[in-house]
Amino acid sequence: MDPLASHALAISTAAGGSLLNGPDATPLNLAASAAGKRYLHIAAHGTHNETAPWFQCLYLSPSAGHDGRLFAHDVLHLDLRGVELVTLGSCESGLGRFDLNDNLRGLPAAFLLAGAQAVVGCLWPVHPDVATLFFSELYDRIRAGAGRLSAFRDAQLTTRGRFPAYRDWGSFSYTGDWR
């Protein structure tokens, strides 16, 4: 099993959720399955576009007539009201840019504008073992009753204990809970 697929399976198990994997993990299937979920974890490759943050994207599986890229501007069309936390196990998925009016743009902003309450993403590439540990710890703590921010901090500390280099545990960022 490739590292991304095993990461997705581990997080799905930790979060107690369902899994879209392989050819089923298309942008259309993601949009259809996201409604009514409390938590949404996307494990995919991603790229940041610093000159056009609405074109920051996640690389999902292609389908007929679609190349599989989920752009930040596409996320704006999703109805994510009720989603408490979106976690992105993707390189550069926690990055964003401010526009001329100081509005945050990019994937985290798009998920928040679509209705999600908070977003955890990665600021730079992270080894799959580190991401799997971090997100598993995060969801384990949430399932045990911890608040999202507290679970995030505890997951970072646990990850730091096992992977002490800042390049590993420091990549994760938390955006949201502004309501």
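Residues numbered from 1 in each chain as written. Predicted model: local features only at pLDDT ≥ 70, side-chain atom pairs only at ≥ 80, totals over all residues. Heavy atoms only, no water.

### Describing the sheet that holds strand E9 (residues 172-176)
Strand order in this open sheet of four strands is E1-E5-E8-E9, and the pairing throughout is mixed. If you trace the sheet from one side to the other, it starts and ends with strand E1 (39-42) and E9, each paired once. When the angles between neighbouring strand axes are averaged without regard to direction, this sheet yields 15 degrees. Pairing of strand E5 (residues 85-88) with strand E8 (residues 118-122) involves two bridges; the strand directions are parallel. From the neighbouring strand, Val86 faces E8, where its bridge partner is Val119. In the packing of helix H5 (residues 128-143) onto the sheet, the strands contacted are E1, E5, E8 and E9, and the crossing angle to E5 comes to about 165 degrees. Against the sheet, helix H6 (residues 148-162) engages E5, E8 and E9, with an angle of about 170 degrees to E9. (Pairing = 2+ DSSP bridges. Helix = DSSP H or I, 4+ residues; strand = E, 2+ residues; numbered from the N terminus. Axes fitted to C-alpha atoms, helices over the stretch in contact; angles between N-to-C directions. Contact = heavy atoms within 4.5 Å.)

### Comments concerning the packing of aromatic side chains
As enumerated under the stated definition, the model contains nine aromatic pairs in all. Both rings, one in Phe134 and one in Phe135, keep their centres 5.1 Å apart while their planes meet at 80 degrees; by these two values the pair is edge-to-face. This pair shows no difference in class: Phe134 is buried, exactly as Phe135 is. Pairing Phe134 with Phe172 gives two aromatic rings, centres 3.9 Å apart and planes at 5 degrees, and the pair type is stacked. (Phe/Tyr/Trp six-rings, centres within 6.5 Å; stacked < 30°, edge-to-face > 60°. Buried < 20%, exposed > 50% of the residue type's maximum accessible area, 1.4 Å probe, protein only.)

### A word on the side chain of Thr159
Relative to the helices and strands, Thr159 resides in helix H6. On the basis of relative accessibility, which here comes to 0%, the residue Thr159 falls in the buried class. Contacts of Thr159, omitting those with residues within four sequence positions, involve Val130, Leu133, Phe134 and Trp169.

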